[in-house]
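This is what each chain is made of:
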Amino acid sequence: NAGVTQTPKFQVLKTGQSMTLQCAQDMNHNSMYWYRQDPGMGLRLIYYSASEGTTDKGEVPNGYNVSRLNKREFSLRLESAAPSQTSVYFCASSGSRTSGASSTDTQYFGPGTRLTVL
Amino acid sequence: AQSVTQLGSHVSVSEGALVLLRCNYSSSVPPYLFWYVQYPNQGLQLLLKYTSAATLVKGINGFEAEFKKSETSFHLTKPSAHMSDAAEYFCAVSERNKLSFGAGTTVTVRA
C-alpha cells in the first residue's frame, strides 16, 4: 500500500498563477483533509471532506477550493496564488468504518508539497 | 473550541537522557488527544493517542504519555533519548473528527 500520496513535491508559482495540488489514498478511508504548515504555527486545517461528495471549510479556507473527486482523491486548488500562501501543504485521510467517522480515528499523512509563491 | 498548547518550541537533550515534551489542552468535554512526530522533510506519523481507555498510553519507539485531567495535560516522555528521536513533535486534540494542532516542539539530541 502506498498510503497517502501527494503531487507535486515542490512547486514555485508567480503571484496570480493558479495550480492544483493532488492527493490520493489507497486505504479506503472516508475522510480526507488538507492542512498547511507554517513555522511556529503547527498545522492548520484548510478544508476537509467527511465522505465522498461532501466538503467543508476548516480554519483557513480563504483563497482555496477543493474537490472530492471520488473516494480516493481530494484536490486543493489555488485560483490566484499569493505570497501568503507560501507554505508546506499536507493531505491526510482517516476512517474506514462503514458506521461513520470517529474523533478517535488516526489521520494518516502524505509526504507534503512545498509551495513557494513569488 | 478545543485547543492545545505546547510549552517550549525547542528542547535539547543529551543522548540517553529523559525526553519530556509538554502539552496542555483546553476542552469542556473529555478530549481525544494525539501526539504526532515529523522527521525532516516528511509527513506526520502517529506516536500515540488517548481515547479514554487508559490514562497512561504507550506508543511507538519507546514513547508514552499520561493523561491528567486535573492538570489538563498530556505530556510526552521517553526515558532514554536516541539520536533518531531528533524531530518535531506535535500535540493535537480531535473535535468532530477534525484535529487542532499545537505549534510543535523541535527536539535535538546531543551526542
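See the structure printed just above.
**Focus: the nonpolar core**
Of all hydrophobic cores here, the largest spans 27 residues; its most connected members are Trp35(B), Phe74(B), Leu76(B) and Tyr89(B). At the level of elements, strand S2 (10-14), strand S3 (19-26), strand S4 (32-38), strand S5 (44-50), strand S7 (64-68), strand S8 (73-78), strand S9 (87-95) and strand S11 (105-110) of chain B are the ones that each hand at least two residues to this core. Grouped together as the second largest cluster of nonpolar side chains are 20 residues, Val4(A), Leu21(A), Val66(A) and Cys91(A) included.

**With respect to the interface of chain A and chain B**
Facing the 21 residues of chain A at the interface are 22 residues of chain B. Taken together, both faces of the contact between chain A and chain B bury some 1,600 Å²; the carbon and sulfur share is 53%. Linking chain A with chain B are zero salt bridges, by the criterion used here. Summed over the shared surface of chain A and chain B, the number is five residue pairs in polar contact (both at pLDDT 80 or more). Breaking the side of chain A that touches chain B down by element, the ones donating at least two residues are strand S4 (31-37) and strand S5 (43-49) of chain A. Its residues placed into classes, the side of chain A that touches chain B shows 10 nonpolar, nine polar and two charged.

**What to know about the packing of aromatic side chains**
Applying the stated rule across the entire model yields 14 aromatic pairs over all chains. Ring centres of Tyr35(A) and Phe101(B) lie 5.6 Å apart, and the angle between their planes is 85°; on these two criteria the pair is classed as edge-to-face. In this pair, Tyr35(A) sits in strand S4 while Phe101(B) sits in strand S10 (residues 98-101), so the two residues belong to two different chains. Here Tyr35(A) and Phe101(B) have matching classes, each one buried. Counting every residue linked through ring pairs, the aromatic cluster contains Tyr33(A), Tyr35(A), Tyr48(A), Phe109(A), Phe34(B), Tyr36(B), Phe90(B) and Phe101(B).

**Brief notes about the sheet that holds strand S3 (residues 19-25) of chain A**
Residue and element names in this part refer to chain A. Strand order across the open sheet formed by four strands is S1-S3-S8-S7, with antiparallel pairing between neighbours. Of all the strands in the sheet, just strand S1 (4-7) and strand S7 (64-68) have a single pairing partner and so form its edges. Adjacent strand axes in the sheet meet at a mean angle of 20°, parallel and antiparallel pairs treated alike.

**Focus on the environment of Cys23(A)**
Residues and elements named next belong to chain A. Relative to the elements of secondary structure, Cys23 occurs in strand S3. Of the residues examined, Cys23 reaches a relative accessible area of 3% and is grouped as buried. Along the sequence, Cys23 and Val117 sit 94 residues apart, while their C-alpha atoms lie 20 Å from each other. The contact partners of Cys23, leaving out residues within four places of it in the chain, are Val4, Thr5, Met32, Trp34, Arg72, Glu73, Phe74 and Cys91.

**As for the layout of surface pockets**
As a volume, the largest pocket reaches approximately 440 Å³. Looking at the lining of the largest pocket, the element that brings in the most residues is S9(B), giving three residues. Residues of the lining of the largest pocket, tallied by class, amount to 11 nonpolar, eight polar and four charged. The wall of the second largest pocket is formed by 14 residues, among which Leu45(A), Glu59(A), Lys98(B), Leu99(B) and Ser100(B) lie closest to the centre. Breaking the lining of the second largest pocket down by element, the ones donating at least two residues are S5 of chain A together with S10 of chain B. Of all the elements, S10(B) adds the most residues to the lining of the second largest pocket, at four residues. For the lining of the second largest pocket, a count of residues per class yields five nonpolar, three polar and six charged.

**Digging into the sheet that holds S8(B)**
All names here are of chain B. Taken together, five strands build an open sheet; the order of strands is S1-S3-S8-S7-S6 and the sheet is antiparallel. The open sheet has two edge strands with one neighbour each: strand S1 (3-7) and strand S6 (56-58). Neighbour-to-neighbour, the strand axes of the sheet open up by a mean angle of 20°, direction not taken into account. Sheet analysis places S3 next to S8, joined by four bridges and oriented antiparallel. Counted as the bridge partner of Leu20 is Thr77 from S8.

Calculation criteria
- Residues numbered from 1 in each chain as written.
- Chains lettered and ligands numbered in written order.
- Predicted model: local features only at pLDDT ≥ 70, side-chain atom pairs only at ≥ 80, totals over all residues.
- Heavy atoms only, no water.
- Core = buried A, V, L, I, M, F, W, Y, C linked by side-chain atoms within 4.5 Å.
- Buried < 20%, exposed > 50% of the residue type's maximum accessible area, 1.4 Å probe, protein only.
- Helix = DSSP H or I, 4+ residues; strand = E, 2+ residues; numbered from the N terminus.
- Contact = heavy atoms within 4.5 Å.
- Buried area = accessible area lost by both parts, 1.4 Å probe.
- Salt bridge = Lys/Arg side-chain N within 4 Å of Asp/Glu carboxyl O.
- Polar contact = N/O pair within 3.5 Å; in protein donor to acceptor, adjacent residues only side chain to side chain.
- Nonpolar A, V, L, I, M, F, W, Y, C, P; charged D, E, K, R; others polar.
- Phe/Tyr/Trp six-rings, centres within 6.5 Å; stacked < 30°, edge-to-face > 60°.
- Pairing = 2+ DSSP bridges.
- Axes fitted to C-alpha atoms, helices over the stretch in contact; angles between N-to-C directions.
- 1 Å grid on protein atoms, 1.4 Å probe; cavity = no way out; pocket = protein on both sides within 12 Å on 5 of 7 lines; lining within 4 Å.
- Points joined across faces, edges and corners; volume = space filled by probe spheres on them.

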